[in-house]
Amino acid sequence: MKKNILLIGLFLLIGLKINAQELTCEDFKEGTFNTTVLEPVKLDWKIVRKGNEQTETIKEIPEEYKDLGYPTDPHYVKIEWIDDCSYRAKYDDSKSELTESQKFINSVGGITTELIKIEGNCFYYKSTLKVGEEEQIMEGKMCKE
């Protein structure tokens, strides 16, 4: 009797594991995402990604930055997928006028982002901006709505 119950339990667990939805990098190539950037200023962003295009919008500017002229316009980004889990992003100058820092980022080849780990509907990433021999690295987490 115990043996039968154990076998039934084992089959149920295997069935649940087979049917459980596990997200892959492919699931993050399109959709609406939320992320928080901590530096240089803590900001919550909404990102909408369709195909090879992405629109980034600040959800809310912290009170102490509202009167400092911090840019609040959406950022338009072109995405070039390197492989299933990494891409290069450059600002799209056909949709808006670029700031000097956006022009600079484009001139050095853009920002490379690698999806490191997936947990639930979120992925952890590492973004790298390479300038000559130096690299600036930012790590974060982005969650799909």
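Residues numbered from 1 in each chain as written. Predicted model: local features only at pLDDT ≥ 70, side-chain atom pairs only at ≥ 80, totals over all residues. Heavy atoms only, no water.

J.: Is there a simple way to think about the environment of L23 in this case?
T.: If you trace the backbone, L23 turns up in the loop between α1 (2-19) and β1 (31-37). The exposure class assigned to L23 is partly exposed, which follows from its relative accessible area of 23%. With 100 residues separating them in the primary sequence, L23 and F123 have C-alpha atoms 9.5 Å apart. In contact with L23, other than residues within four places in its own chain, are F28, I118, G120 and N121. (Helix = DSSP H or I, 4+ residues; strand = E, 2+ residues; numbered from the N terminus. Buried < 20%, exposed > 50% of the residue type's maximum accessible area, 1.4 Å probe, protein only. Contact = heavy atoms within 4.5 Å.)

J.: Got a minute to help me understand the pairing of strand β4 (residues 75-83) in this structure?
T.: Looking down a regular strand, the side chains alternate between one sheet face and the other. Across 4 bridges, the pairing between strand β3 (residues 53-60) and β4 is antiparallel. Its bridge partner being in β4, E53 is matched across the sheet by K78. Linking β4 back to strand β5 (residues 86-91) in an antiparallel pair, the connection comprises 2 residues. (Pairing = 2+ DSSP bridges.)

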